[in-house]
Amino acid sequence: VQLQAFGGGLVQAGDSLILSCVASGRATSSYVMGWFRQAPGKDREFVATTNWSGTRTYYTDSVEGRFTISRDNTKYIMFLQMNSLKPEDTAVYYCAADPRGYGQPRRGRNEYEYWGQGTKVTVSS
């Protein structure tokens, strides 16, 4: 499975941005998918995750209510809608996939097998 993340950029605080993650190489419609981010000098941290159908989602507290994770299984694409962006959201954002089919959403970095290359989001104050 290859994952490619798109959509990063430079925005101002309060702006919105949508990230996309395109999967190829294998059908990922049954996979748990997630978004992580890594700020400069910090560890990669969990942001959001969704089960295979998009009906169960979890978020880290700092983005709850501002970010929305979703997926389109017909196109093998996952999205992260980011609203009310803050400078502390600045990071490289990575998408990830867990091939254990039809599982529950997962917050643990080590539970994901496939990773995209990352897309950089910079939020200026």
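Above this text is the structure in question.
Below or above, wherever it landed, is the structure these notes cover. (Residues numbered from 1 in each chain as written. Predicted model: local features only at pLDDT ≥ 70, side-chain atom pairs only at ≥ 80, totals over all residues. Heavy atoms only, no water.)

**Let's talk about the sheet that holds strand S3 (residues 17-24)**
The antiparallel open sheet is built from 4 strands, whose spatial order is S1-S3-S8-S7. Among the strands making up the open sheet, the edge pair consists of strand S1 (2-6) and strand S7 (67-72). Strand-to-strand, the axes of this sheet are offset by a mean angle of 15 degrees, without reference to chain direction. Strand direction decides the pairing type here: S1 and S3, joined by 5 bridges, are antiparallel. Each residue of the ladder has a partner; that of Leu-3, found in S3, is Ala-23. (Pairing = 2+ DSSP bridges. Helix = DSSP H or I, 4+ residues; strand = E, 2+ residues; numbered from the N terminus. Axes fitted to C-alpha atoms, helices over the stretch in contact; angles between N-to-C directions.)

**Structural notes on the pairing of strand S9 (residues 91-98)**
Along any regular strand, the residues point their side chains to alternate faces of the sheet. Where burial is concerned, most of S9 is hidden: 7 out of the 8 residues are buried. Two elements, strand S4 (residues 32-38) and S9, share 7 bridges in a ladder whose sense is antiparallel. Of the residues in S9, the one forming a bridge with Arg-37 is Tyr-93. With 3 bridges connecting them, S9 and strand S11 (residues 119-124) associate as antiparallel partners. (Buried < 20%, exposed > 50% of the residue type's maximum accessible area, 1.4 Å probe, protein only.)

Remember that the coordinates give geometry; whether it matters functionally is a separate question.
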